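Each chain, letter by letter, is given below.
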Amino acid sequence: KAETMTTESITHRKTAAVISLYYSCAHASHMMALGKLLDALGFAVTFVLDERYLSMADFSAIGETVTVGGNSNRPGKRAFDLAVVCNCATRNHALVRKLRTRGTAVFYLFHEPGPLWSWRYFLSEGWGQTVRFVISSCFNIVTVRRSTGVIVHSSCALALYEQNYLHHNSNVHAMPLLFDDEIGSDRFELARRDKHFFGFVGTACKSHGFDVFVNFAKFAIRSGSLMPFTIATKVDLTSLLAEDRELARLVREGRIRMQHGRGLSNDEINLHYLDCFCVWTVYRRSTQSGVMANAFMAGSPVIATKVGSFPEYVVPGVNGEFVDSVDDFGAMLRLAEKMRQDIPAYSEGSRKTFLDTFYYGANRKKITELLGTFIPENEQCEVLH
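Residues numbered from 1 in each chain as written. Predicted model: local features only at pLDDT ≥ 70, side-chain atom pairs only at ≥ 80, totals over all residues. Heavy atoms only, no water.

## Observations concerning the overall build of the protein
- Helices and strands together make up the secondary structure of the protein, namely 16 helices and 13 strands.
- Counting the 385 residues in the protein, one finds 52% classified as buried.
- Once local pairs closer than 6 in sequence are excluded, the contacts in the protein between residues at least 24 apart make up 68%.
- When the accessible surface of the protein is summed, it comes to about 17,300 Å², and 53% of that surface belongs to carbon and sulfur atoms. (Helix = DSSP H or I, 4+ residues; strand = E, 2+ residues; numbered from the N terminus. Buried < 20%, exposed > 50% of the residue type's maximum accessible area, 1.4 Å probe, protein only. Contact = heavy atoms within 4.5 Å. Areas by Shrake-Rupley, 256 points an atom, 1.4 Å probe, with all protein chains shown as cover.)

## Observations concerning helix α7 (residues 210-222)
- Helix length check: α7, at 13 residues, gives a terminal C-alpha distance of 18 Å against a target of 18 Å (1.5 Å per residue), a fit within 8%.
- Residue Gly 224 follows α7 closely and has a positive phi angle near 95 degrees. (Expected span 1.5 Å × (residues − 1).)

## Notes on the pairing of strand β6 (residues 149-152)
- Neither face of β6 is exposed, since Gly 149 and Ile 151 on one face and Val 150 and Val 152 on the opposite face are all buried.
- Both β6 and strand β7 (residues 172-174) contribute to a ladder of three bridges, which runs parallel. Paired with Val 152 across the two strands is Ala 174, which belongs to β7. (Pairing = 2+ DSSP bridges.)

## Considerations on the sheet that holds strand β11 (residues 276-281)
- If you trace the six strands from one edge of the open sheet to the other, you get β10-β9-β8-β11-β12-β13, paired in parallel fashion. Every other strand in the sheet has two partners, leaving β10 (256-259) and β13 (320-322) as the edge strands with one partner each. Within this sheet the neighbouring strands show an average axis-to-axis angle of 20 degrees, counted without direction.
- Taken together, the three bridges between strand β12 (residues 302-304) and β13 define a ladder with parallel strand orientation. Residue pairing in the sheet places Ile 303 in a bridge with Glu 321 of β13. (Axes fitted to C-alpha atoms, helices over the stretch in contact; angles between N-to-C directions.)

## A short note on the packing of helix α11 (residues 290-297) against helix α14 (residues 343-358)
- At a minimum axis separation of 7 Å, α11 and α14 run at an interaxial angle of 120 degrees. In terms of orientation, α11 lies oblique with respect to α14. The two elements α11 and α14 meet at a crossing, and its hand is left-handed. Within the contact between the two elements, α11 uses Met 292, Ala 293, Phe 296 and Met 297 and α14 uses Ser 350, Arg 351, Thr 353, Phe 354 and Phe 358.
- Grouping the constituent residues of the contact of α11 with α14 by class yields six nonpolar, two polar and one charged. (Parallel < 35°, antiparallel > 145°, perpendicular 65-115°, else oblique. Left-handed = near helix turned anticlockwise from the far one by under 90°. Nonpolar A, V, L, I, M, F, W, Y, C, P; charged D, E, K, R; others polar.)

## Focus on the side chain of Ser 20
- Turning to its location among the elements, Ser 20 is positioned in strand β1 (residues 15-20).
- Within the structure, the side chain of Ser 20 is placed 2.7 Å from the side chain of Tyr 53, a separation counted as a polar contact.
- With residues near it in sequence (within four places) discarded, Ser 20 still touches Met 31, Val 48, Leu 49, Asp 50, Tyr 53 and Asn 87. (Polar contact = N/O pair within 3.5 Å; in protein donor to acceptor, adjacent residues only side chain to side chain.)

## Observations regarding empty space enclosed by the protein
- Overall, the coordinates contain three cavities of 30 Å³ or more when judged by the stated rule.
- Lining the largest cavity, in full, are His 30, Leu 34, Leu 109, His 111, His 153, Met 175, Pro 176, Leu 177 and Leu 178.
- A breakdown of the residues in the lining of the largest cavity according to their chemical character gives six nonpolar, three polar and no charged.
- The volume enclosed by the second largest cavity comes to roughly 40 Å³. (1 Å grid on protein atoms, 1.4 Å probe; cavity = no way out; pocket = protein on both sides within 12 Å on 5 of 7 lines; lining within 4 Å. Points joined across faces, edges and corners; volume = space filled by probe spheres on them.)

## Brief notes about helix α3 (residues 92-101)
- Those residues of α3 not exposed but buried are Asn 92, Leu 95, Val 96 and Leu 99. Summarising the axial view, the buried residues of α3 lie within an arc of 100 degrees, below the 170-degree limit, and thus occupy one face.
- Backbone geometry just downstream of α3 places Gly 103 in the positive-phi region, at approximately 90 degrees. (Arc of directions from axis to C-beta.)

## Brief notes about the environment of Thr 143
- Tracing the chain through its elements places Thr 143 in helix α4 (residues 119-146).
- Sequence separation between Thr 143 and Val 106 is 37 residues; the distance between their C-alpha atoms is 9.9 Å.
- Discounting residues that sit within four places of it in the chain, Thr 143 has contacts with Asn 92, His 93, Val 96 and Tyr 108.

This is the structure in structure tokens:
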């Protein structure tokens, strides 16, 4: 019997939970990639999810899936060794406390570690979004305090965290947003010869400069540019089309292709990225950008402002270009045409950036070092090698 117990202890796989109690479709890809990375490191993975995620991706192909209706702690089973909480939710702090009580090491993925109050944020987003941000920040503080450690996704986010949250939890690590390669080399090679659109993909909002994108598209078309534009967003733009006759006319004429008003599957989103020779990231505010990483996955360069993490990842002439002013449409058009004339080189540079930086396999060493901060040295060879 003693011999059997010894064998079990040697062959036992450590367990990890990937948790999202609040549904955000943009986070499904990150959680899938994180699950695959933890599985590759030897963990038995369980996803603890809002049930709406199940229509987004096949999480069960990676590990056990538990939907959250009440109890998410797998009654009757041993505690998780590791849990990664992937986004902000009102119930996070209670779950984290329960997990820590059971001996689980909990890491919190903190996406927007900005100050609790910012006049700049208020002026760009208005009262509604600002109030929501303040409330979520209060919940973030409690979760940060109760977690073993915190993971942020860029040097920009790390600097913000150190300014605003370091006194709540000093165990903080920077790691890029993780993605699986949902495109693949074969689709990339086929698509790189057929990229036509200048695209806006993602949430159509003020912080993402959607209003500027629309005005730029009008400017480019009026200036005689033949480049086609595309918009893909879950935001319903019906009221905008009713108010903006010029935009509505350009959509009717096919100069601007528009998909809006419903959530898009990962496959649909990736098709939009593959179609683009350039993706819009001329944002007013951004800590890190999943749009940029997704664009790079599809071999599509970006045009960006020097805010947030863009200066960390965008290399002019390689995977994108920077604009100095959101109002200089002439300069913006020249840069877009420059990229359009050299699609193969920009596409290759963008794809390489994705594989070297955001692909989950490229981050194996980084997460191994992070996990080594809490896994006892005598157990590290079991999981990390």
